[in-house]
Every structure is written in C-alpha cells, then in structure tokens.
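Each chain, letter by letter, is given below.
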Amino acid sequence: MTSFGTNISSAASITLKGFPELESLEHWLAALLLLLYAFSILGNTLILVIIKEEQSLHQPMYYFLSLLSINDLGVSFSTLPTVLASMCFHAPETALDACLAQMFFIHCSSWTESGILLAMSFDRYVAICNPLRYSSVLTNARVAHMGVSIIIRSFCMVFPLPLLLKRLSFCKANVLTHSYCLHPDLIRLPCGDTTINSMYGLFIVIATFGVDSVLIFLSYVLILRSVLAIASQEERLKTLNTCVSHICAVLIFYVPLVSGSVVHRFGKHASEYVHKFISLVYLFVPPVLNPIIYSIKTKEIRRRLQKIIVGPKF
C-alpha cells in the first residue's frame, strides 16, 4: 500500500500546459491576459473605493456589490501567479501543494460568487416585492451574516477537494491543460480510483450552483409577477431597470459555467481549444465586466468615476 508521503512525492511538480499550439502568438496572448488582469484589478478596486467614499451607496445592494468586487479580485489574484509564470516567464512547472492551493482558492471564489449573486437577487426581490419592509429585512447585521454564511458555505464545500486528491497516487504524466489548476483538470492525473472525487465534485456543483441558479430564477419569476402588477408602463420599465446590472452579472457568470460543465461532461471529443476558451471566459470575463456593468448602470458610481477621471471642477 502506497504511503501518504509517497503519493505526494510521486507528483512533486505539475506542468501547466497553457497554449503551446499558439507559440507564435504567445506574446500577444500574454499581453491580452495582462490587460484583462489590469482592467479587473483597477475596475474592482475603484468600485470598492467609490462605495466606501459615497455615502449614498451605503446600502445592502452595494454592500453585496463590494463583496462581489472583493471576490473578483480574489479570482484574479488566484490565477495571476501561474499565468504570469507560464505565459510570461516560461516557467510552467508548479509544486503539487501550490497547485492544490490555487485550485482551492479558484473554486472557493466561484462558489462564493454564486452565493453573492443569490444574495443580490434576494435584495432585488425584497426591494421590489416588499419595498416597505426593505430596511427592516436587510439590516446591516443581516447583510453581514449573509456575507459570512456565503464564505463559510464556500469554504466547507471546497475544502474536501484537495484532501480527496492528496490521498491518491499521481503516476501519470502530470501535465494540465490550462495555465492554472482546476479540479476537472487535476482529477485526470491520479492513476487510482477517482469515483469519490467525481461524485463529490458533482454533488457540490448541484448543491451550490444548481440550487443557487434555481433560487435566482424563482426570485425573478416573483419579481416579474410583481412588476406586471404595476399599472404604469413607465414605472414597470423603471423598476425592471434596477435589475439589469444584476441580470447581466448572473448571465456572464452562469453561461460560461454551464457551457464549461456541458463540454466537460458530454464534449469528450471537443477540441482542446474549446475547453481552454470556455475556461478563460469563465475566469477572466466576469471580473472584468462586473465593474463596467455596474459603473454604466449606477448613476452614483458613474458620477464618481467621472470626477476621478476628469478631476474636480474649479
């Protein structure tokens, strides 16, 4: 029987493949990814600073937006080290423990984002369907409890993943498809039985993403029913307009997620480029687009951004 220490030492390093087929375009691809990182980090940092400084934004919806921005920064910083190493410095190898740690933070951030989007949908439901009770239902203490609960849920769900992988022997070629470590990619490397890993991975996807997406959908069914009861068409459009930013954030998160899951489960013969492209969209697009969407659709954030860019008027 292989010892725990032997299991780990047999996979002392993991090679992150990246895009060797696009070697001639590698510099352009690296520049594009660095640009996306810059937009993500700058955009989400600005959102946090504006919400902190703008008193009118000190309300539940924007507290959840702050959590979303912090989480998006976490996604960017989780993938940044290995992407820089493999794409810019041609150092694709990483230690197994570092790879498992990165996998944990990437997936934990994904589960957290799903929970935050669910909390934001609840905020929209209360604001539209029960506006008179909004301030009593979504108190600062309750918002804080919801935020902590989301983080604890994500941690508890994802924490077993690296432990389940570390118990296995890695005796195959330790080469991953992407420039970062993801569970569906890592689970292909062990030569032992990965049934438990696969079943647990499927369970937490259904228990979190599945349940969250259904609850978000139901909240919007109730919101739509409430909006259709408003007599004035102008008021209906005005009310729905308050949900546009959140709907866009949900779509840019869940569409790549569902697409990636479908391709992984049923597209075994799909080109490797398809898997890599969907993964890039899933990890890079939401952190870049979320600040842009909320900056465009939120008057206070847009006005504050204009002051930062243009400068104070004398």
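So, how was this worked out
Residues numbered from 1 in each chain as written. Predicted model: local features only at pLDDT ≥ 70, side-chain atom pairs only at ≥ 80, totals over all residues. Heavy atoms only, no water. Disulfide = S-S within 2.5 Å. Helix = DSSP H or I, 4+ residues; strand = E, 2+ residues; numbered from the N terminus. Buried < 20%, exposed > 50% of the residue type's maximum accessible area, 1.4 Å probe, protein only. Contact = heavy atoms within 4.5 Å. UniProt positions renumbered as here; feature names shortened; annotations may be inferred. Core = buried A, V, L, I, M, F, W, Y, C linked by side-chain atoms within 4.5 Å. Pairing = 2+ DSSP bridges. Axes fitted to C-alpha atoms, helices over the stretch in contact; angles between N-to-C directions. Salt bridge = Lys/Arg side-chain N within 4 Å of Asp/Glu carboxyl O.

Asks: Hey, could you go over the state of the cysteines for me, with residue numbers and the actual values?
Replies: For the structure shown, the criterion picks out one disulfide. In this model Cys99 forms its disulfide with Cys181; the gap between the sulfur atoms is 1.9 Å. Every disulfide takes its handedness from the sign of the S-S torsion; for Cys99 and Cys181 that torsion is -120°, giving left-handed. Note that Cys99 is positioned in helix H4 (residues 96-129) and Cys181 in the loop between strand S3 (175-176) and helix H8 (183-186), a separation of 82 residues in sequence. With relative accessibility at 0%, the residue Cys181 sits in the buried group. The closest cysteine sulfur to the non-disulfide-bonded Cys108 is located on Cys156, 9.3 Å from its own sulfur. Cys129 provides the cysteine sulfur closest to Cys243, a residue in no disulfide bond, and the two sulfurs are 9.0 Å apart.

Asks: Break down the environment of Leu257 for me, citing the residues and quoting the values.
Replies: Relative to the assigned elements, Leu257 resides in helix H11 (residues 244-266). Along the chain, Leu257 and Ile278 lie 21 residues apart, while their C-alpha atoms are 8.2 Å from each other. For Leu257, the contacting residues outside a window of four places in its chain are Phe209 and Tyr282.

Asks: Give a detailed account of the UniProt feature "transmembrane region" (unreviewed entry) in the chain, specifying residues and quantitative values.
Replies: The feature "transmembrane region" (unreviewed entry), as annotated in UniProt, sits at residues 28-51, 63-84, 104-122, 143-165, 202-228, 240-257 and 277-296 in this numbering. Within the segment residues 143-165, helix and strand shares are 96% and 0% respectively, and the terminal C-alpha atoms sit 35 Å apart. With 100% helix and 0% strand, residues 202-228 has its two end C-alpha atoms placed 37 Å apart.

Asks: Requested: an account of the side chain of Ser245, with residues and values cited.
Replies: Among the secondary structure elements, Ser245 is positioned in helix H11. When sequence neighbours within four positions are dropped, the list of residues in contact with Ser245 reads Ile293, Tyr294 and Lys297.

Asks: So what's going on with the nonpolar core? Which residues, and what values?
Replies: Membership of the largest hydrophobic core comes to 73 residues, with the highest contact counts inside it found for Leu65, Met120 and Leu186. For this core, the leading source of residues is H4, giving 15 residues.

Asks: Which residues make up the sheet that holds strand S1 (residues 13-16), and what values do they have?
Replies: Strand order across the open sheet formed by three strands is S2-S1-S3, with mixed pairing between neighbours. Either end of the sheet is taken by a strand with one partner, and the two such strands are strand S2 (93-95) and S3. The sheet contact formed by S1 and S2 spans three bridges and is antiparallel. Counterpart to Ser13 in the pairing with S2 is Ala95. Contacts from H4 reach S1, S2 and S3 within the one sheet, and its direction differs from that of S2 by about 85°.

Asks: Before we move on, could you go through the pairing of S1 and cite the residues and values that matter?
Replies: By the alternation rule, side chains of S1 split into Ile14 and Leu16, which are all buried, and Ser13 and Thr15, of which none is buried. Judged from the two bridges that link them, S1 and S3 form a sheet pairing that is parallel. Bridge pairing in S3 places Leu16 opposite Leu176.

Asks: Please give an account of the pattern of salt bridges that cites residues and values.
Replies: In the structure shown here, the tally under the stated rule is seven salt bridges. Close ionic contact of Lys52 with Glu53 constitutes a salt bridge, the shortest N to O distance being 3.7 Å. According to the relative accessible area criterion, Lys52 is exposed, its value standing at 61%. Here Glu53 falls in the partly exposed class, since its relative accessible area comes to 43%. Between Asp212 and Arg153 there is a salt bridge whose closest N-O contact spans 2.8 Å. Within this pair, whereas Asp212 is found in helix H9 (residues 195-228), its partner Arg153 is found in helix H6 (residues 140-158), the two being separated by 59 residues in sequence. Ionic contacts of the salt-bridge type, sharing partners, join the residues Glu54, Arg303 and Arg304 into one network.

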